[in-house]
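What follows is each chain in one-letter form.
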Amino acid sequence: MSEKNLDHGRPAGDPDDGPTAEWFAELAADDPETDPFAKRVDEPAQAPEATVPSPLPEAAQVPQAPGTDDTRPVSQDGPEAVPAEGLPAGTAVAQEPAPIHPDTAALAGDAASGGAPTAGEPVHPEATTPPAGTPLPQEAVASQAEAADEEPVVRPDGSFAGTPGDPAQGGPAVAEPAEPPARTEAPAPGGPLAYAEAPAHDQPPALAEAPAHGQPPVPAEAPLHEQPPARAEAPAYPEVPVHREAPVPAAGPSPVDALIAVAAPVPAEPPVSAEPPAPSAAAEPRPAAVGEPPVDSVAVAERTPEQRQPYVELGMNEGEYRRVRDILGRRPTAAELAIYSVMWSEHCSYKSSKVHLRQFADKAPQNDALLVGMGENAGVVDVGRGLAVTFKVESHNHPSYVEPYQGAATGVGGIVRDILSMGARPVAVMDSLRFGPADAPDTQRVLPGVVAGVGGYGNSLGLPNIGGETVFDACYLQNPLVNALCIGVMRHDDIKRAIAPGPGNQVILFGATTGPDGIGGASVLASATFDEESQAKRPSVQVGDPFMEKLLIECCMELYREDLVVGIQDLGAAGVSCATTELAAAGTGGMHVVLDRVPLRDPTLRPEEILMSESQERMMAVVEPAKVERFLEICARWEIPATVIGEVTDTGRLVMTWRDEVIVDIPPGTAADEGPVYERPYAPPADLAALQADTPGRLARPANADDLRNTVLWLAGSPNLSAKTWVTSQYDRYVLGNTVLAMPEDAGVLRLDDESGLGVALSLDGNGRYARLDPYAGAQLALSEAYRNVAATGARPLAVTNCLNFGSPEDPGVMWQFARATEGLADACQALGVPVTGGNVSFYNQTETQPINPTPVIGVLGVHDDVRRRVNMAFPAEGHMLVLLGQTREEFGGSEWAHVVYGHLGGLPPLVDLAAERALAAVLIAGAREGLLSASHDISDGGLSQSLVESCLRGGLGCRITLPGDPFVTLFSESVARAVVAVRPGSEARLGQLCEAAGVPVTQLGVVGGDSFTVEGLFSIPLHELREAHERLLPSYVA
Amino acid sequence: MNAARVGVITFPGSLDDRDAARAVRLAGAEAVSLWHADHDLRGVDAVILPGGFSYGDYLRAGAISRFAPLMEELVPAARAGLPVLGICNGFQVLCESHLLPGALLPNAGLHFVCRDQRLRIDNADTAWTAEYTEGQEVVIPVKNRDGRYVADERTLAELEDEGRVVARYLDLNPNGSLNDIAGICNEAGNVVGLMPHPEHAVESLTGPSTDGLGFFTSLVKAGLSRAGVR
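What counts, and where the lines are drawn
Residues numbered from 1 in each chain as written. Chains lettered and ligands numbered in written order. Predicted model: local features only at pLDDT ≥ 70, side-chain atom pairs only at ≥ 80, totals over all residues. Heavy atoms only, no water. Helix = DSSP H or I, 4+ residues; strand = E, 2+ residues; numbered from the N terminus. Buried < 20%, exposed > 50% of the residue type's maximum accessible area, 1.4 Å probe, protein only. Contact = heavy atoms within 4.5 Å. Areas by Shrake-Rupley, 256 points an atom, 1.4 Å probe, with all protein chains shown as cover. Pairing = 2+ DSSP bridges. Core = buried A, V, L, I, M, F, W, Y, C linked by side-chain atoms within 4.5 Å. Expected span 1.5 Å × (residues − 1). Polar contact = N/O pair within 3.5 Å; in protein donor to acceptor, adjacent residues only side chain to side chain. Axes fitted to C-alpha atoms, helices over the stretch in contact; angles between N-to-C directions. Parallel < 35°, antiparallel > 145°, perpendicular 65-115°, else oblique. Nonpolar A, V, L, I, M, F, W, Y, C, P; charged D, E, K, R; others polar. UniProt positions renumbered as here; feature names shortened; annotations may be inferred. Phe/Tyr/Trp six-rings, centres within 6.5 Å; stacked < 30°, edge-to-face > 60°. Lys NZ or Arg CZ within 6 Å of the ring centre and 35° of its normal. Salt bridge = Lys/Arg side-chain N within 4 Å of Asp/Glu carboxyl O. pLDDT = per-residue confidence, 0-100.

Caption draft 1: Structural context of the overall build of chain A. Along chain A, the regular secondary structure elements total 40 helices and 30 strands. The burial tally for chain A puts 66% of its 1039 residues in the buried class. Here the contacts in chain A between residues at least 6 apart in sequence split such that 86% fall between residues at least 24 apart. Accessible area for chain A stands at about 33,200 Å²; split by element, carbon and sulfur atoms hold 53% of it.

Shown next as structure tokens:
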């Protein structure tokens, strides 16, 4: 079982496969009557899953083997440094014939396997670790170092109070409404002016006015009405490419081959790892000449204070390195340096974001439901009846670009373990995906791999995928976003913490064995800007084994049931380093670990590599001595390797030994909690003013009914609004039997309790275009949408998680976007009364100097007292009245219409109106509870038109409506706080009362019925034509 | 009347085992959990091999589970008439165990496919389909990666001639199965393998229909009638 991971890359029956392979061989031998079909099936049956798809040409992988690159620092400073300092006392060092520097050799990722053998030797990813230390992205590291050199912004001691005046900031840090210049110098119609006038957020005009029945709710402050005359002479409305040509795959090898590489049973070019005769890690002898490098123990470190250390290569700047030396009172050992470098990486320490994220706690609304707040693996929320829910979203962006299948798969695996380690049973996943343009060749490489990875892992775990998003935009072409969410359920008593209290308690590592996966992934891969060298990092991506994780889930459930763990932590980024430091820091404070006991998949791993390895499907538990035996029994029942690797102490030190020498002796809190905190300078991006001034007012609008009709179809079939069935049909939405609603519904809805019907709703939303135009509003709009989606099903919104995807924090423009977005989110959470329970920050999503659109992805969790009263989006029955709730303003900045028809991004996003959002939610929730609504669908991207299209197609029934006001604005504006609902016959009056009480404007639109989408007096579109437009795009690109 | 006792096997990597148990209970029978590593069928009246990815589908779907200790008990019992239903991965295990002929290959599209599938019940005489009428159309979710049923021509002809195709895909064949086959049975009709998941169509709240319930209520009748014989 322990060898399971290896099976991924190898033909079954590889003689080196260890016990598993032997077992397979036996099985084959005692099966005389093997079905001929089964035999024939053998190869194709396993190929698609068993091989790690390799979308990169083989040539790109092999020659990159690092050892051949003699620029690496390893062998260069080794010989000089060691004799210089090591001779007097360091006998081990002196005796070592091969003058490989102890730290650098190890940190460089096993110099032996990387450098010594000839380059022609088959590269086995399990056995060698090409990327670990050596060919690290020098630019990235250098640029970090540079940034750090700007000493004023660095607060190495974590106290950021004494900040000198933020040089680059120049004041505008708080200049929220941004760009006064935009307003003065933008005589452009509408746009910023409209907003300047709107007394805005505090005083939603909709609520101030009486609900206007049937009254065209065109806001008074929209001066865009000056447009029509201009429109007459504006260029003709664009021809609608109703049937967009599916891209004819170029004759070249790119798109199709990329697909084949992912999907075909037998890749034309077998991945390197599938090389049949590849020697297993265990079998490959280390070159005798090198032998085992000497141990860089604490004693050695004390004797060799001057020894040069590769902290820059590990992503640390000099200030950080000096701080480590200060903490320890000596130079760190190689192992300690490994720990600090990963724990203080952006990914693990949140050093650039921390000062902004504090707002989520500082501004947290009073909420009794919050049982565990931010800081643990995931927040926990009380949902009633003794049940608690934990949920969190996390990014796996960079790995998914490098290796889409494994990157996405292990992204799911990681977030599921986070949830598992809270004591919960994971019950569902969601995924928010962003790619480059749908027709870009690289999207056709990345998208199918990511979708297969999300599905392959989640499906194999038996977790339903209940929703998410798939979005396309050129800014994500080389920076796809893969954000995975998991939700888990537990009883209040079962909440587990990542703590290690009680001296004498045993520390148990269980799950998969440790290999060289993702070494340096946390500190290097996750925070390096992509460039041409990224292909060289490919093996840094971890490889997942969902089967092992499924066993881990069931095993943990039994361990929890028998109350066998005191504290538990999953191993994700930074692996053992992270788990041991965090557990120890949060517990009694001390821990002793015998690192030699960590079960290895690759016995050549050095202690530093073991500490940094991100091998998947591992957990660490703290167990009372008396319960260890039972713990191990349960693991054995699930065939999960489990090893006691240490024990809790009261020394306040994390001590690790290797070959009986002390290689780590640190105060764990200094690595886990007291990392550097930076207040990076920020200022609005230079192009923001011009962007905001370029309002969509200049864009020609549909001139007649035909243009309107075509626009409906065009939007319905555009990449972001078209059906995502091609994606979601690869996800199991049924398993566990509690999925009440799943995509494409507004929110996923799960039943938690069969008897009472208690359940939850979850939605995950983001809009990078809005956030690009105004990050403060953009984050709030994402929250608004998720909140509205949850309420649209009838659930009461309760709590928030977030994944903040941004470019480089070293870019003041990006940092400004981040600061504004976090502030906007914190303020909006406060206004809506939903606390942030946890989340994740992903920086460095940029290609060279071009960052992605800032993309806060927000998840909102809501509660259904009884899921049987949920409302879905399908129009259910002829004759039900259709009603538009909320006020429509003329708002096209960042809209899908501007994006799809003109590729335009400019102006300001829709006005945020949180009070109206709250009022709308109250109506939707009450309407569902009282059974007034037979359908409910939020209005967001693409406006009312898109919502009607989706609800018609979902229910297979058309609608006949009359549009109040300007048909174009009513159909396509993206004003917030709106929904379209179908009303059960007889409930119209009651709904009207609810709306009036809440101050929600009501507009009667028409009725459900027929087999077409009909706007009286304008156009009619048969459902089959709508369906064709809505459903054909994605399959035509990727299938 | 004593409720029929229906065992649901959990292999490492079984995923729909609790769902199958729920369906059994909704059908009025008692669900009995069976563990792959035991040699004990616990005296059940029938057995369900649930869906999932037992052993991660490594090597080949169902190829490892087929050697579970419990299977050593199950195979002879099934040959002796014990009603056995294999759903999805369970179907794959039954084929690997040679309780049913043929094999299940990766889907024609090479993707996992999850959809609400219309089916026609072509054999309403098995232990698991007695509640249906022949030719009845039902909607039941299908969700699989290796669901393409294949068999040699002789076997296929045999299955067709003997009416052993239990259910067939309508509208759209989601995985490229020969003859649109969604499920088959053995000669005696007590062992049924089904690629779609009837256990996910037993409640209107969570399924596309309740059409799947018939598989479990059929069993209750059949299971009871056989209980005396056992």
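Continuing now.
Caption draft 2: Molecular detail of the pairing of strand S11 (residues 191-194) of chain B. Residue and element names in this part refer to chain B. Residues Val 191 and Gly 193 of S11 are buried on one face, and the alternating residues Val 192 and Leu 194, pointing to the opposite face, are buried as well. Here four bridges tie strand S4 (residues 84-87) to S11, and the two strands are oriented parallel to one another. Each residue of the ladder has a partner; that of Gly 86, found in S11, is Gly 193. Pairing of strand S10 (residues 181-185) with S11 involves three bridges; the strand directions are antiparallel.

Caption draft 3: Region of interest: the nonpolar core. Residues and elements named next belong to chain A. Counting residues in hydrophobic clusters, the biggest one holds 101 residues, and the most contacted among them are Val 383, Val 416, Ile 487, Phe 510, Phe 631 and Ile 640. Here this core takes ten residues from helix H23 (residues 546-561), the largest share from any one element. Grouped together as the second largest cluster of nonpolar side chains are 74 residues, Tyr 350, Leu 357, Tyr 770 and Cys 995 included.

Caption draft 4: Just helix H21 (residues 404-420) of chain A, in detail. All names here are of chain A. In a regular helix each residue adds 1.5 Å, so 17 residues correspond to 24 Å; H21 covers 24 Å between its end C-alpha atoms and thus fits that length. Here H21 lies mainly inside the structure; 17 of its 17 residues are buried. At the N-terminal end of H21, a side-chain oxygen is found 3.1 Å from the backbone nitrogen of Tyr 405, two or three residues along, and the residue is Glu 403.

Caption draft 5: Geometry of the environment of Gly675(A). Along the polypeptide, Gly675(A) turns up in the loop between helix H27 (668-672) and strand S15 (677-678). Beyond its immediate chain neighbours, meaning those up to four positions away, Gly675(A) contacts Arg323(A), Trp344(A) and Thr670(A).

Caption draft 6: A look at the packing of H21(A) against H23(A). Residues and elements named next belong to chain A. The interhelical angle for the contact between H21 and H23, taken along N-to-C directions, is 5°, at an axis separation of 11 Å. Here H23 runs roughly parallel to H21, going by the angle between their axes. When H21 is examined against H23, the residues Gly 413, Val 416, Arg 417 and Leu 420 are found in contact with a partner set consisting of Glu 549, Leu 552, Ile 553, Cys 556, Met 557 and Tyr 560. Considering only residue class, the contact of H21 with H23 consists of seven nonpolar, one polar and two charged.

Caption draft 7: Quick look at the UniProt feature "domain: PurM-like N-terminal" (unreviewed entry) in chain A. UniProt's feature table lists "domain: PurM-like N-terminal" (unreviewed entry) at residues 375-490 and 745-863 of chain A, given in the numbering used throughout. A helix fraction of 38% and a strand fraction of 34% characterise residues 745-863 of chain A, whose end C-alpha atoms lie 16 Å from each other.

Caption draft 8: Region of the structure containing the packing of aromatic side chains. Throughout the structure, instances matching the rule amount to 18 aromatic pairs over all chains. Seen from their ring centres, Trp897(A) and Tyr902(A) are 5.6 Å apart, and the 80° between their planes marks the pair as edge-to-face. Overall, Tyr902(A) belongs to the partly exposed group, its relative accessible area being 27%. What links up through ring pairs into an aromatic cluster is the set Phe892(A), Trp897(A), Tyr902(A), Phe968(A) and Phe972(A). Its guanidinium or amino end placed over the ring of Tyr401(A), Arg445(A) lies 5.0 Å from that ring's centre, counting from NZ or CZ. The ring of Trp35(B) has Arg637(A) lying over it, and the distance from NZ or CZ to the ring centre is 3.9 Å.

Caption draft 9: Main features of the UniProt feature "active site" (unreviewed entry) in chain B. Residues and elements named next belong to chain B. Look at the UniProt record and you will see "active site" (unreviewed entry) annotated at Cys 88, His 197 and Glu 199. The greatest C-alpha distance among the annotated residues, which extend across 112 residues, is 11.0 Å, indicating that they converge on a single site. With respect to the helices, strands and loops of the structure, Cys 88 is situated in the loop between S4 and helix H3 (89-96). Sequence-distant contacts of Cys 88, that is, excluding residues within four places in its chain, are made with Gly 51, Lys 143, Asn 144, Leu 194, Met 195 and His 197. Among the structural elements, Glu 199 can be located in the loop between S11 and helix H5 (213-227). Every residue in contact with Glu 199, bar those within four places of it in the chain, is listed here: Asp 16, Asp 19, Ala 20, Ala 23, Ile 87 and Phe 216. Polar contacts involving the side chain of Glu 199 include one to the side chain of His 197, which spans 2.8 Å.

Caption draft 10: Just the UniProt feature "domain: PurM-like C-terminal" (unreviewed entry) in chain A, in detail. Feature annotation in UniProt places "domain: PurM-like C-terminal" (unreviewed entry) on residues 503-658 and 878-1011 of chain A, given in this structure's numbering. For residues 878-1011 of chain A, the helix share is 40%, the strand share is 19%, and the end-to-end C-alpha distance is 10 Å.

Caption draft 11: Broad picture of the sheet that holds strand S5 (residues 425-435) of chain A. Residues and elements named next belong to chain A. On the basis of which strands lie adjacent, the open sheet formed by six strands has the order S2-S3-S4-S7-S5-S6 and mixed pairing. Taken across any chain shown, the strands that pair with only one partner, and hence form the sheet edges, are strand S2 (370-372) and strand S6 (465-472). Sheet twist, expressed as the average angle between the axes of neighbouring strands with direction ignored, equals 25°. Bridge count between strand S4 (residues 387-395) and strand S7 (residues 481-491): nine bridges; the pairing is antiparallel. Each bridged residue has a counterpart across the sheet, and for Ser 395 the counterpart in S7 is Asn 483. Sitting on the sheet, H21 is in contact with S4, S5 and S7, with an inclination near 25° to S7.

Caption draft 12: Fine view of the pattern of salt bridges. Applying the stated criterion across every chain, the model contains 52 salt bridges over all chains. Note that Glu633(A) and Arg630(A) form a salt bridge whose closest N and O atoms lie 2.8 Å from each other. Placement of the pair is Glu633(A) and Arg630(A) together in helix H26 (residues 628-637), with a separation of three residues, close to one helical turn. Between Glu1031(A) and Arg1027(A) there is a salt bridge whose closest N-O contact spans 3.2 Å. A residue pair is termed a helical-turn pair when its members lie 3 or 4 positions apart in one helix, as Glu1031(A) and Arg1027(A) do in helix H39 (residues 1023-1031) at four residues. Among the charged side chains, a salt-bridge network with shared partners connects Arg751(A), Asp754(A), Arg22(B) and Glu203(B).

Caption draft 13: Structural context of the confidence of the model for chain A. Averaged over all residues, the pLDDT of chain A is 77; the fraction at 70 or higher stands at 70%. A low-confidence stretch, residues 1-234 of chain A stays under pLDDT 50, and its non-local contacts, those more than four residues away or across chains, total 392 contacts.

Caption draft 14: Highlighting unusual backbone geometry. A cis geometry characterises the amide bond from Met743(A) onward to Pro744(A), with omega recorded as 5°. Phi at Ala574(A) is positive, roughly 70°, even though this residue is not glycine. Looking at the secondary structure, you find Ala574(A) in the loop between strand S9 (567-570) and helix H24 (575-586). Of note, Asp57(B) is a non-glycine position whose phi angle comes to about 60°, a positive value. Looking at the secondary structure, you find Asp57(B) in the loop between strand S3 (46-49) and helix H2 (69-79). Classification of Asp57(B) as buried rests on a relative accessible area of 9%.

Caption draft 15: Quick look at the packing of helix H19 (residues 354-362) of chain A against helix H33 (residues 812-832) of chain A. Residues and elements named next belong to chain A. Running from N to C, H19 and H33 cross one another at 5°; their axes reach a closest spacing of 9 Å. In terms of their interaxial angle, H19 and H33 are classed as roughly parallel. Together, His 356, Leu 357, Gln 359 and Phe 360 of H19 and Met 815, Phe 818, Ala 819, Thr 822, Glu 823, Leu 825 and Ala 826 of H33 make up the contact between the two elements. For the contact of H19 with H33, a count of residues per class yields seven nonpolar, three polar and one charged.

Caption draft 16: Main features of the confidence of the model for chain B. All names here are of chain B. Model confidence for chain B is summarised by a mean pLDDT of 93, while 94% of its residues fall at 70 or above. Below pLDDT 50 for its whole length, residues 224-230 participates in 13 contacts with residues either more than four positions away or in separate chains. Interface confidence for the predicted complex, expressed as ipTM, amounts to 0.96; the pTM equals 0.78.

Caption draft 17: Examining the environment of Gly956(A) more closely. Residues and elements named next belong to chain A. With respect to the helices and strands, Gly 956 occurs in the loop between helix H36 (943-955) and strand S26 (959-961). In the structure, Gly 956 is positioned 54 residues away from Gly 1010 in sequence and 9.3 Å away in space, judged by C-alpha atoms. Sequence-distant contacts of Gly 956, defined by excluding residues within four places in its chain, comprise Leu 1023 and Arg 1027.

Caption draft 18: Representation of the sheet that holds strand S24 (residues 881-885) of chain A in the model. Residue and element names in this part refer to chain A. Pairing in this open sheet of seven strands is mixed, and the strands run S25-S27-S24-S28-S26-S29-S30 from one edge to the other. On the outer flanks of this sheet lie strand S25 (933-938) and strand S30 (1019-1022), each paired with one strand and no other. The average undirected angle you get between the axes of adjacent strands in this sheet is 20°. In this sheet, strand S29 (residues 1012-1015) lies alongside S26 in parallel orientation, the contact comprising three bridges.

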